[in-house]
Amino acid sequence: MTLKLYTYPGNKNAFKALIAAQYVGTKIEVPSFSMGVDNKKPEFLKLNPNGKVPTLETPTGGVWESNAIARYVARLSDKGLFGASAFEEALVEQWIDFTTTELDAPLLSWILPILGHWPYDKKKEEGAIAAVKKAMALLDRHLTKNTYLVGHAATLADIVGVCNLYHGYTKLFDEGFRKSFPHVTRWWLTLAHQPAFAAVLGEVKLCQQPMKFTPPKKDAAEKADGAAKKEAAPKKEKEPKKESAPKKAAAVEEEDPAEPKPEPKAKNPLDELPKSTMVLDAWKRLYSNTPGAKFREIAVNGLWAGADIPNSPTQEHFAGYDPEGFSIWFCDYKYPEENTVNYIVMNKVGGFLQRIDYVRKYAFGVMCILKDDKGQFPIRGVWIFRGQGIPPIMLDECYDLELYNWTRVDIADPKQKARVEDMIAEEATIDGLEHIECKIFK
Ligand SMILES: N[C@@H](CCC(=O)N[C@@H](CS)C(=O)NCC(=O)O)C(=O)O
């Protein structure tokens, strides 16, 4: 019987079935799978209308929800993964449910905002940590007198439990945290080193530095600035504002000398640069208006040589790239090994582009999400910036910038110039790697 498990690499929910398969001696194939692409295909949705992974393809149809998949695999052979009696079977189910609802759920609420998938809320994080600690304390009490969750050998409860705590032990629980729950830690490490677990988990690296939420620099600066302004403002008892207050009163209130005056907006040094022959917005119109079939001929060649903008009601002409007034940069994400789930990578790039909305007037960018043969998604891009460097406002305010290596393009080098063109033209292959998605900042 051929079983296929669809997942992205490193999915702790997929580990559950894969470890169970080691116990029962069943082979499960894990085909290469592109999240955000393959899980949207009609043939996948037939197996799992929820469009999520892991999903198991069996000769009789699809099974989804990782615990259900693991139960199915565990039942393929009678290796005692459900305990030795009906009572033990109930206990196995009990611990599967407990570690899923009372540990996995709050652990996700703890880690997903840190990874940028959910909005961060300090109060919610505190609540999630408290819930994890409460469930860990109960588990620790149970494991004081028990080697395994149920009976005297590993069962499916241990398999699911270890996987549900995987992010905790590898990304969130530092040494101090682990020491507070010594019996859970002993149980987790013992199991993680058993051959059936190690064959799937590999060598587990315990968390050294717990992952923490780092606010984007911009928010932090705004908060700090706001707080500083509040401190500086003279304290004054104020009547609550009345919705229906006459306009004149409002005007007087605006004039109130006790109110701190808004600071004049600092001038953007890029606005002070000598006028350029190139109008960035005109390039953006050339880029957007050129039909696909003529893109290379009109838009890409036009970037250097200038071109009439297709379908322009004013018959606008783009003058071509001006190296005196602009510079072109490549960027390369420094940590491709983190990028194993393509839709998460796309969200990462999307978030970066959203956070730099304020630089739209001075920048154009093409961010390419590529795929390598290690199942990773490198992010490489090309940017045209006003001025001879990365806009200072971006350097000051956008923490994402530090996640990329930036190199200035030498347009006299035909190889670099061709790479710029390939990225702008969204070629199917960039740097010899499959180009799976592109995000444009314009
Ligand atoms: N409760 C489900 C969770 C499944 C799940 O949320 N999978 C995520 C990846 S970890 C997914 O496939 N998301 C894709 C999407 O939401 O489009 C299980 O245990 O299998």
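Residues numbered from 1 in each chain as written. Predicted model: local features only at pLDDT ≥ 70, side-chain atom pairs only at ≥ 80, totals over all residues. Heavy atoms only, no water.

The condition is simple: UniProt positions are given in the numbering used here, feature names are shortened, and annotations may be inferred rather than shown by experiment.
An unreviewed UniProt entry lists the protein chain under the name Elongation factor 1-gamma, with Elliptochloris bilobata given as the organism. Of the protein chain, the UniProt comment under Function (unreviewed entry) reads exactly: "Probably plays a role in anchoring the complex to other cellular components." As stated in UniProt under Subunit (unreviewed entry), the record for the protein chain gives "EF-1 is composed of four subunits: alpha, beta, delta, and gamma."

**A few points about empty space enclosed by the protein**
Selection rule: Only protein atoms enter the 1 Å grid used here. Points where a 1.4 Å probe fits but cannot escape make up a cavity, open sets with protein on both sides within 12 Å along at least five of seven lines make up a pocket, and a residue lines them when an atom lies within 4 Å of a point. Grid points are joined across faces, edges and corners, and a volume is the space filled by probe spheres set on the points. Numbering of helices and strands runs from the N terminus, with a helix taken as a DSSP run of H or I at least four residues long and a strand as a DSSP run of E at least two residues long.
In total, this model carries one cavity of 30 Å³ or more according to the counting rule given. Put simply, the largest cavity is a space of about 30 Å³. Lining the largest cavity are K12, D104, L107, L108, I111, N164, Y166 and H167. Secondary structure elements with two or more residues in the lining of the largest cavity: helix 4 (86–114) and helix 7 (166–172). When residues in the lining of the largest cavity are grouped by element, the largest group, four residues, is from helix 4.

**Details of the site of the ligand**
What counts, and what does not: Distances are taken per atom, and a residue is near a molecule or strand as soon as one of its heavy atoms is within 4 Å of it. Polar contact criterion, stated in full: a pair of N or O atoms within 3.5 Å, where within protein one must be able to donate a hydrogen and the other to accept it, and residues adjacent in sequence count only if both atoms are side-chain atoms. Areas reported here follow the Shrake-Rupley algorithm with a probe of radius 1.4 Å; residue values treat only the protein chains shown as occluding.
The ligand sits among Y8, N13, M35, N39, K52, V53, P54, E65, S66 and Y343. A distance of 2.8 Å separates an oxygen atom of the ligand from a polar atom in the backbone of V53. One nitrogen or oxygen atom from the side chain of Y343 is found 3.5 Å from a nitrogen atom belonging to the ligand. If the ligand stood free it would expose 510 Å²; the protein chains cover 70% of that surface.

**Regarding the pattern of salt bridges**
Here is the rule we go by: In the sections that follow, a salt bridge refers to a side-chain nitrogen of Lys or Arg positioned within 4 Å of a carboxyl oxygen of Asp or Glu. Throughout this description, buried means an accessible area under 20% of the type-specific maximum (1.4 Å probe, protein chains only), exposed means over 50%, and partly exposed covers the range between.
Under the defined criterion, the tally for this structure stands at 18 salt bridges. In this structure, E175 engages K179 in a salt bridge whose closest nitrogen and oxygen atoms are separated by 3.3 Å. In this pair, E175 and K179 both sit in helix 8 (residues 175–180), four residues apart, roughly one turn of the helix. For E175, a relative accessible area of 48% corresponds to the partly exposed category. In this structure K179 comes out as exposed when scored by relative accessible area, which is 60%. When salt bridges that share partners are traced, they join R71, R75, E89, E93 and D97 into one network.

**A few points about the nonpolar core**
This is how the line gets drawn: Among buried residues, the Ala, Val, Leu, Ile, Met, Phe, Trp, Tyr and Cys ones that are joined through side-chain atoms within 4.5 Å form a nonpolar core. Where each domain begins and ends follows an automated or database-derived domain assignment. It only takes one pair of heavy atoms within 4.5 Å for two residues to be counted as in contact.
Within the largest apolar cluster, 62 residues are counted, with the highest numbers of intra-cluster contacts made by W110, M136, L156, L165, F173 and W187. Looking at this core, the element that brings in the most residues is helix 4, giving ten residues. Each of domain 1 (3–74) and domain 2 (86–201) accounts for three or more of the residues forming this core. Residues contacting L156, with those up to four places away along its chain left out, are A20, A70, R71, A74, L81, F82, V92 and I96. With 32 residues, the next largest nonpolar core counts M278, A299, V382 and I384 among its residues.

**Quick look at the sheet that holds strand 3 (residues 55–58)**
The cut-off we apply is this: DSSP-based pairing: two strands are paired if at least 2 bridges between them are found.
Pairing is mixed across the open sheet formed by four strands, whose spatial order is 2-1-3-4. Either end of the sheet is taken by a strand with one partner, and the two such strands are strand 2 (28–29) and strand 4 (61–64). Here four bridges tie strand 3 to strand 4, and the two strands are oriented antiparallel to one another. Each bridged residue has a counterpart across the sheet, and for T58 the counterpart in strand 4 is G61.

**Structural notes on the pairing of strand 3**
Sheet topology places strand 1 (residues 3–6) next to strand 3; three bridges connect them, and they run antiparallel. Across the sheet, residue L5 finds its bridge partner in strand 3, namely L56. Between strand 3 and the antiparallel strand that follows it, strand 4, lie two residues.

**Looking at the packing of helix 1 (residues 12–24) against helix 6 (residues 156–164)**
Applicable threshold: Only C-alpha atoms enter the line fits that serve as axes; for helices the fit covers just the stretch in contact. Angles between N-to-C directions range over 0 to 180 degrees. Orientation categories follow fixed angle ranges, with anything under 35 degrees roughly parallel, anything over 145 roughly antiparallel, 65 to 115 roughly perpendicular, and all other angles oblique. A crossing counts as left-handed when the near helix is turned anticlockwise from the far one by less than a right angle, and as right-handed when that turn is clockwise. Under the scheme applied here, ten amino acids are nonpolar (Ala, Val, Leu, Ile, Met, Phe, Trp, Tyr, Cys and Pro), four are charged (Asp, Glu, Lys and Arg), and all others, including Gly, are polar.
For the pair helix 1 and helix 6, the least separation of the axes is 9 Å and the interaxial angle reads 150 degrees. With respect to helix 6, the element helix 1 is oriented roughly antiparallel. Considering how the two elements wind past one another, helix 1 and helix 6 form a crossing that is right-handed. Facing K12, N13, F15, K16, I19, A20 and Y23 of helix 1, the residues of helix 6 in contact are L156, I159, V160, C163 and N164. Looking at the contact of helix 1 with helix 6, its residues break down into eight nonpolar, two polar and two charged.

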